[in-house]
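Chain by chain, the residues:
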Amino acid sequence: MRVYLPATTTVLRTLVDEGRLPAPQTVFAVTPQLREYYAVSDADADTEELEYAALLAAARASLRLLDLDPMAVRRRAVLAADVPDTAVTPMDDPHVDPGAARLEQEVTLADIASAHLDDADAEADVRAAVNVVLEADLGSEDAQFVVDQAEGHELGWYATQEIGPALELL
C-alpha cells in the first residue's frame, strides 16, 4: 500500500542519517473512508486522484508538525512509502481526515518511493501558515486563507537518492 507520511526537514534528516523512522506513524492513504468520502463528493475520482488527495492531507499535516519543530526549515515535506497493507490501520473517526491511518511498522529508506518538498518560493507562505494552521483547523476563515496560500504551492518531487543532496541545499 502506498502511504504518505507527513514530515519536516528534521524528519528527512533522520531518515537519511539513520535509514529508518520508528513506528508508529500517522500516515495518509487511500483508505475505505477516503474512497467513501470521494464517492459522495466526486464519484468519478480514480486511484491516482485519491492518492493525490492523501498526499495533500499529509502536506497539511506537515504544517502541524512544523508548528512543533522550530528548528525545521519552513517547507512542507511528505514521504511516499510502500508498506504492507497489514501494517496500516485506517482511523475510523469522523473527526479526522478520511485518509488518516496508523502505520504500525518502522519506515526504512528502502520503503520510500519518493519525497515531496516545497521549494524556496513557498517558505514565506509556509511560515505564515504554520503560525495559524491550528486556527484554520478550528474554523477560522482568515487563518484558512493563509493556509490556502501555502497549499497553493506545488510540492517538488525527489527520488530517494536525492533527499540527502536536497537537504544539503537548504
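Look above for the structure.
Predicted, not measured: the structure shown is a model, and the values here were computed from it. All residue numbers refer to position in the chain's written sequence, counted from 1. Local features in a predicted model are, by the rule used here, given only for residues with pLDDT of at least 70; side-chain atom pairs are given and counted only at 80 or more, and totals for whole chains, interfaces and linings are based on all residues. Hydrogens and waters are ignored; side-chain quantities use all the structure's heavy atoms.

Asker: Can you walk me through the pattern of salt bridges in this structure?
Answerer: Opposite charge on two side chains allows them to pair when their charged atoms are near. The salt bridge definition used is simple: a Lys or Arg side-chain nitrogen within 4 Å of an Asp or Glu carboxyl oxygen. As enumerated under the stated definition, the model contains 10 salt bridges in all. The residue R2 makes a salt bridge to D82 at a minimum N-O spacing of 2.6 Å. Taken together, the residues R2 in strand 1 (residues 2–7) and D82 in strand 4 (residues 77–82) connect sequence positions 80 residues apart. Note on R2: relative accessible area 29%, which makes it partly exposed. By relative accessible area, D82 is classed as partly exposed at 38%. Note that R75 is salt-bridged to E123, the shortest N-O span being 2.9 Å. Here the residue R75 occupies a position in the loop between helix 3 (47–68) and strand 4, and E123 occupies one in helix 4 (residues 123–137), the gap between them amounting to 48 residues. When accessible area is computed with a 1.4 Å probe and restricted to protein chains, residues below 20% of their type maximum are described as buried, those above 50% as exposed, and intermediate ones as partly exposed. R75 sits in the buried class, given a relative accessible area of 10%. Among the charged side chains, a network of salt bridges with common partners joins R60, R64, D137 and E151. By definition, any uninterrupted DSSP run of H or I lasting at least four residues is a helix, any uninterrupted run of E lasting at least two residues is a strand, and each is numbered from the N terminus.

Asker: In this structure, what is going on with the environment of L15? I would like to understand it.
Answerer: Position of L15 relative to the elements: it lies in helix 1 (residues 9–18). Given the relative accessible area of 0%, L15 is considered buried. Every residue pair with non-hydrogen atoms within 4.5 Å of one another is taken to be in contact. Once you skip the residues sitting within four places of it in the chain, L15 turns out to touch R20, L21, L79, V107, T108, L109, I112 and I163.

Asker: What exactly am I supposed to notice about a negative patch on the surface here?
Answerer: Patch membership requires more than 30% relative accessible area and the absence of a salt bridge. Residues of like charge join within 9 Å; the nonpolar side chains Val, Leu, Ile, Met, Phe, Trp and Tyr join within 5 Å. Using a 1.4 Å probe, accessible areas were evaluated by the Shrake-Rupley method; residue-level cover was limited to the displayed protein chains. All tallies of charge rest on Lys and Arg as positive and Asp and Glu as negative; His and the ends of each chain are not included. Taken as the charge centre is NZ of Lys, CZ of Arg, CG of Asp or CD of Glu, depending on the residue. There is a patch of like negative charges on the surface, built from D44, D46, E48 and E49. Within the secondary structure, D44 sits in the loop between helix 2 (32–41) and helix 3.

Asker: Got a minute to help me understand the layout of surface pockets in this structure?
Answerer: Rolled over the atoms, a probe as big as a water molecule pinpoints where empty space is left. Within this scheme a cavity is a closed region of a 1 Å grid, computed over the protein atoms alone, that accommodates a 1.4 Å probe without allowing it to escape, whereas a pocket is open but has protein on both sides within 12 Å along at least five of seven lines; lining residues each have an atom within 4 Å of a point. Grid points are joined across faces, edges and corners, and a volume is the space filled by probe spheres set on the points. Considered as a void within the structure, the largest pocket measures approximately 490 Å³ in volume. Along its surface, the largest pocket is lined by 20 residues, and F28, L56, A57, R60 and D97 are the ones closest to its centre. Where the lining of the largest pocket is concerned, the elements lending two or more residues are strand 3 (25–29), helix 2 and helix 3. Among the elements that take part in the lining of the largest pocket, helix 3 stands out by supplying seven residues, more than any other. Throughout, the ten residues Ala, Val, Leu, Ile, Met, Phe, Trp, Tyr, Cys and Pro are labelled nonpolar, Asp, Glu, Lys and Arg are labelled charged, and all others, Gly among them, are labelled polar. Looking at side-chain class alone, the lining of the largest pocket contains 13 nonpolar, two polar and five charged residues.

Asker: Is there a simple way to think about empty space enclosed by the protein in this case?
Answerer: Applying the stated rule across the entire model yields one cavity of 30 Å³ or more. Lining the largest cavity are L12, A115, H116, L117, Y158, I163, A166 and L167. Going through the elements one at a time, strand 8 (112–117) and helix 6 (163–168) are the ones with two or more residues in the lining of the largest cavity.

Asker: For this particular structure, what's the right way to read the pairing of strand 8?
Answerer: Note on strand geometry: in a regular strand, side chains alternate between the two faces of the sheet. Burial runs high along strand 8: five of the six residues are buried. Both strand 8 and strand 9 (residues 156–158) contribute to a ladder of three bridges, which runs antiparallel. Looking at strand 9, one finds that L117 is bridged to G156. Strand pairing is assigned whenever DSSP detects at least two bridges linking the two strands.

Asker: Help me understand helix 3, please; the structure alone is not making it clear to me.
Answerer: Within an α-helix, residues lying three or four positions from one another point in the same direction, as the helix has 3.6 residues per turn. In a helix, the anticipated span is given by 1.5 Å times the number of residues less one. Compared with an ideal rise of 1.5 Å per residue, which puts 22 residues at 32 Å, helix 3 spans 32 Å between its outermost C-alpha atoms and is within 8% of the ideal. Among the residues making up helix 3, those that are buried are L50, A53, A54, L55, A57, A58, A59, R60, A61, S62, L63 and L66.

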